[in-house]
Amino acid sequence: MCSNSCRYTCPVGSLMNGMEYTPSAFTTVTQKLEFLTRLLPFIEPRLNLIELAPKGTGKSYVFGNLSKFVWLVSGGKVSRAKLVYDKSTKSPGIMRFYDMVAFDEIQTISFSDNTEMQSFLKNYLEFGKATIDNYEFMSECGLMLLGNILLSENNEPLSYKYFSALPEVFRESALLDRFHGMIEGWLLPRVNVDMALHDWTLNVEFFSEVLHQMRTESVYSHIVDEAIVVPNGADMRHTKAVKKVATAYMKLLFPHVTSIEQLDWDDFNALCLQPAIRRRDIVRQQCSNIDAEASFSKPIPAYTIKQH
């Protein structure tokens with residue numbers, strides 16, 4: 001259960017234990033679910049998220065230690081050759097071989113050629129492939145941007161323009177619009193010694209292997225397609241993002257549900273669909289702060305669950 005007063009039967013406590021954290025150290029259900037959202041790119045292919053959080057909330061530990069299938073880039077200059085494709089050796093880079101690449105301390109990361117990297121990322125984040133010279137790069141690797149954000153005394157972002165904390169290469173609406181959602185890391189507590197797990201749990205290598213194997217399970221996306229009502233004229237990127245994030249939540253929180261008949265509609269709406277809408281809407285709002293284009297200023301479509 002999420003907490004003593006929570007009606008949901010999703011395996012929140014077990015998942016947090018698998019991450020080697022003590023669930024009781026997180027005071028609210030919101031904190032627990034925000035923390036677990038970090039696992040979504042581990043379990044869903046080509047899921048691209050942004051997390052902005054104050055220092056000391058455990059970003060680097062989760063993405064640097066939880067899975068051998070994740071490559072953590074911690075600051076510095078990143079080349080296209082290392083990340084994507086080396087023209088001189090004609091060999092693919094790290095994105096070809098990992099489930100996810102996480103850019104930690106994103107404010108300190110720079111690229112050898114910003115224009116080249118922007119062009120590549122726009123195509124790759126949209127289609128899962130991009131052409132470099134005559135080489136077509138294809139991968140199921142997700143992208144995670146991890147950055148710090150300054151907070152007020154009320155523990156809220158000092159600026160309503162969250163993405164101003166990102167380096168210049170990422171402060172373009174056309175590129176940011178291709179990210180599926182955002183984690184509000186300021187909702188999480190600062191890591192302390194009481195959060196470390198001192199009990200039995202799954203071996204972390206086994207836990208990460210389970211997440212890795214779940215990436216190829218397609219039944220959950222079929223359930224999500226069947227369960228969600230998409231309004232007429234809905235934006236395609238919003239729709240893809242909402243469905244992809246909702247699918248990842250399904251895999252993570254309700255892995256036992258393998259058919260639409262098994263679905264608890266209230267739980268699906270509260271823990272999969274609504275969080276997916278919320279996370280995508282943050283991206284839309286922040287793109288609107290950068291670009292006054294009409295598509296960003298429009299409210300996100302009113303996705304609902306089917307009548308049952």
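Quick note: structure is the one above.
Parameters and conventions
Just so you know, the residues in each chain are numbered from 1, in the order the chain's sequence is written. Only residues with pLDDT of at least 70 get local features here, since the model is predicted, and only at 80 or more are side-chain atom pairs given and counted; chain-wide, interface and lining totals rely on the full set of residues. Side-chain measures were taken over the full set of non-hydrogen atoms in the model, leaving aside hydrogen atoms and water. Strands are labelled as partners when DSSP assigns at least two bridges between them. Numbering goes from the N terminus for both helices and strands, where a helix is a DSSP run of H or I of at least four residues and a strand is a run of E of at least two. To obtain an axis, a line is fitted to C-alpha atoms, over the contacting stretch when the element is a helix, and the angle between two such axes runs from 0 to 180 degrees between their N-to-C directions. Only centres within 6.5 Å qualify two rings of Phe, Tyr or Trp (six-membered ring in Trp) as a pair; their planes then separate them into stacked at under 30 degrees, edge-to-face at over 60, and tilted for everything else. For the exposure calls, accessible area comes from a 1.4 Å probe over protein chains only, and a residue counts as buried if that area is under 20% of its type's maximum, exposed if over 50%, partly exposed in between. Pairs of residues are marked as contacts when any of their non-hydrogen atoms sit within 4.5 Å. Note that the term roughly parallel is reserved for angles under 35 degrees, roughly antiparallel for angles over 145, roughly perpendicular for angles of 65 to 115, and oblique for everything else. Crossings are classed by handedness, with left-handed meaning an anticlockwise turn of the near helix from the far one by less than a right angle and right-handed meaning a clockwise turn. Under the scheme applied here, ten amino acids are nonpolar (Ala, Val, Leu, Ile, Met, Phe, Trp, Tyr, Cys and Pro), four are charged (Asp, Glu, Lys and Arg), and all others, including Gly, are polar. Salt bridge, as used here, is a side-chain nitrogen of Lys or Arg placed within 4 Å of a carboxyl oxygen of Asp or Glu.

## Description of the sheet that holds strand S5 (residues 100-111)
With parallel pairing, the five strands of this open sheet are ordered in space as S2-S5-S8-S1-S9. Pairing within the sheet leaves two strands with one partner each, and these edge strands are strand S2 (70-78) and strand S9 (181-184). Strand-to-strand twist across the sheet, computed as the mean angle between neighbouring axes with direction ignored, equals 25°.

## A word on the packing of aromatic side chains
Enumeration over the complete set of coordinates arrives at 13 aromatic pairs. Here the aromatic rings of Tyr85 and Tyr135 are separated by 4.1 Å at their centres, their planes lie at 10°, and the arrangement is stacked. Residue Tyr85 is located in strand S3 (residues 85-86), and its partner Tyr135 is located in strand S7 (residues 135-138); the two are separated by 50 residues in the primary sequence. Of the residues examined, Tyr135 reaches a relative accessible area of 24% and is grouped as partly exposed. Here a set of aromatic residues connected by ring pairs shows up, and it is made of Tyr21, Phe26, Phe35 and Tyr61.

## A look at the environment of Glu116
Tracing the chain through its elements places Glu116 in helix H6 (residues 114-127). Taking the relative accessible area as the measure of exposure, Glu116 reaches 30% and is therefore partly exposed. The sequence separation of Glu116 and His222 amounts to 106 residues, and the corresponding C-alpha distance is 36 Å. Residues within four places of Glu116 in sequence aside, it is in contact with Arg80 and Lys87.

## Quick word on the pairing of S9
The two faces of a sheet get side chains in turn, since along a regular strand they alternate between them. Alternating positions in S9 separate into two faces, Gly181 and Ile183 on one and Met182 and Glu184 on the other, with burial throughout. As paired strands, strand S1 (residues 49-53) and S9 are joined by four bridges and run parallel to one another. The residue of S9 that forms the bridge with Ile50 is Met182.

## Some words on the environment of Asp99
In this structure, Asp99 sits in the loop between strand S4 (91-92) and S5. Judged by relative accessible area, Asp99 falls into the buried class, the value being 12%. Sequence separation between Asp99 and Phe42 is 57 residues; the distance between their C-alpha atoms is 6.9 Å. Leave out the neighbours within four places in its chain, and Asp99 touches Phe69, Glu140, Cys141, Gly142, His212 and Arg215.

## Observations regarding the packing of helix H9 (residues 219-227) against helix H10 (residues 236-253)
Taken N-terminus to C-terminus, the directions of H9 and H10 make an angle of 125°; their axes are 9 Å apart at the nearest point. Taken together, the axes of H9 and H10 are oblique relative to one another. The crossing of H9 and H10 is right-handed. Counting all contacts with H9, which are made through Tyr220, Ser221, Ile223, Val224 and Asp225, the residues of H10 involved are Lys243, Ala246, Thr247, Met250 and Lys251. Grouping the amino acids of the contact of H9 with H10 by side-chain chemistry returns five nonpolar, two polar and three charged.

## Topic: the side chain of Ser173
The residue Ser173 is located in helix H7 (residues 173-176) in this model. With residues up to four places along the chain from it excluded, the contact list for Ser173 reads Cys287, Ile290, Asp291 and Phe296.

## Some details on the pattern of salt bridges
Proximity of charged atoms lets side chains of opposite charge pair with each other. By the definition in use, this model includes 16 salt bridges. Residues Glu51 and Arg38 are paired through a salt bridge, measuring 2.7 Å at the closest nitrogen-oxygen approach. With a gap of 13 residues between them, Glu51 in strand S1 and Arg38 in the loop between helix H2 (29-36) and helix H3 (40-43) connect regions that are remote in the sequence. For Glu51, a relative accessible area of 0% corresponds to the buried category.

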